[in-house]
Amino acid sequence: NAGVTQTPKFQVLKTGQSMTLQCAQDMNHNSMYWYRQDPGMGLRLIYYSASEGTTDKGEVPNGYNVSRLNKREFSLRLESAAPSQTSVYFCASSLLRSNQPQHFGDGTRLSIL
Amino acid sequence: AQKITQTQPGMFVQEKEAVTLDCTYDTSDPSYGLFWYKQPSSGEMIFLIYQGSYDQQNATEGRYSLNFQKARKSANLVISASQLGDSAMYFCAMREENTGNQFYFGTGTSLTVIP
């Protein structure tokens, strides 16, 4: 079972470049999420999508945009990358019930030079 | 205010001993779920255990159990008979029914199991 698939796994960008992180899930989940993880700060929510067609800002949305392409796919775009966006990015998905956990992708390690 | 607080940045435990990782939470929603995740050095996030706010009994999953004290708003993870493979970061998380789309994570506890 694939679960949640993120691409790419690693990426190095120069300041000012743009890129899109891709995420797809095959578990028929309603909700999808993008987090960033920095040392000592746990997981911080960037954007989430409760269901297909909706997106909402999380704790740290500045500098990012998202697209919920369909039920399976949720992409994260950096329009003009900055060194402060160097981080590990995780995509997650879940069913829309409070007793359901999130399932995570393996993460994307992104470095901005 | 922080929704989830994990006050132990790092913990050490002797192999085969039990260890408790602390987690307190803050919510006014009467219906919520509490989750623990493990993140080994390889980086993936692994779901361990779930406790619902209305559950009468503490959740257990193999060597993992959750010491749920609702009045104190704490949901501590207990790992029994620690193994070297338990060395990892552990995150506590909460999901509220009325804002059920978001998960709130603590900053994590780094557990090291000593042989």
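Scroll up a little and you will see the structure.
Rules behind the numbers
- Residue numbers here run from 1 along each chain, matching the order of that chain's written sequence.
- As they are written, the chains are lettered A onward and the ligands numbered 1 onward, keeping that order.
- Local features in a predicted model are, by the rule used here, given only for residues with pLDDT of at least 70; side-chain atom pairs are given and counted only at 80 or more, and totals for whole chains, interfaces and linings are based on all residues.
- Excluding hydrogens and water, the side-chain figures rest on all heavy atoms present in the structure.
- Comment: elements are numbered from the N terminus, with helices defined as DSSP H or I runs of at least four residues and strands as E runs of at least two.
- Note that the radius of gyration is over C-alpha atoms, with the globule rule given as 2.2 Å times the number of residues to the power 0.38.
- Partly exposed describes any residue whose relative accessible area lies between the buried limit of under 20% and the exposed limit of over 50%, with all areas from a 1.4 Å probe on protein chains only and scaled to the type maximum.
- Should any heavy atoms of two residues lie within 4.5 Å, those residues are counted as being in contact.
- We define a salt bridge as a side-chain nitrogen of Lys or Arg found within 4 Å of a carboxyl oxygen belonging to Asp or Glu.
- Two strands qualify as a pair provided DSSP detects at least 2 bridges between them.
- Axis definition: a line fitted to C-alpha atoms, over the contacting stretch in the case of helices. Angles run 0 to 180 degrees between N-to-C directions.

Any details on the overall build of chain B? Residues and values, ideally.
When helices and strands are counted, chain B shows zero helices and 12 strands. Counting from the amino terminus, helix and strand elements in chain B follow one another as β-β-β-β-β-β-β-β-β-β-β-β. Taking 13 Å as the expected radius of gyration for a compact globule of 115 residues, we find that chain B reaches 14 Å, a close match to that expectation. Over its C-alpha atoms, taken along the principal directions, chain B stretches across nearly 45 × 25 × 20 Å. In chain B, which comprises 115 residues, the proportion classed as buried is 50%. Sequence separation of 24 or more characterises 55% of the internal contacts of chain B that already satisfy a separation of 6 or more.

I'd love a proper account of the pattern of salt bridges, names of residues and values included.
Residues and elements named next belong to chain B. The tally for this structure, following the rule as stated, stands at five salt bridges over all chains. Measuring nitrogen to oxygen at the nearest pair gives 2.8 Å for the salt bridge that ties Lys 3 to Glu 96. Placement of Lys 3 in the segment before strand 1 (4–5) and of Glu 96 in strand 10 (residues 88–96) is noted, with a sequence separation of 93 residues between them. For Lys 3, a relative accessible area of 25% corresponds to the partly exposed category. Put simply, Arg 63 and Asp 86 hold a salt bridge, and the shortest N to O gap is 2.8 Å. Of this pair, Arg 63 sits in the loop between strand 7 (60–61) and strand 8 (64–69) while Asp 86 is found in the loop between strand 9 (74–79) and strand 10, placing the two residues 23 residues apart along the sequence.

Explain the environment of Ser 80 of chain A residue by residue, including any values.
Residue and element names in this part refer to chain A. Position of Ser 80 relative to the elements: it lies in the loop between strand 8 (74–78) and strand 9 (87–94). Considered as a pair, Ser 80 and Tyr 64 are 16 residues apart in the sequence and their alpha carbons are 8.9 Å apart. Beyond its immediate chain neighbours, meaning those up to four positions away, Ser 80 contacts Gly 16, Gln 17 and Gln 85.

Describe the sheet that holds strand 3 (residues 19–25) of chain A, with residues and values.
Residue and element names in this part refer to chain A. Across the sheet, four strands lie side by side as 1-3-8-7; this open sheet has antiparallel pairing. Of all the strands in the sheet, just strand 1 (4–7) and strand 7 (64–68) have a single pairing partner and so form its edges. In this sheet, adjacent strand axes meet at a mean angle of 15 degrees when their direction is disregarded. Sheet analysis places strand 7 next to strand 8, joined by five bridges and oriented antiparallel. Considered in strand 8, the bridge of Val 66 is made with Leu 76.

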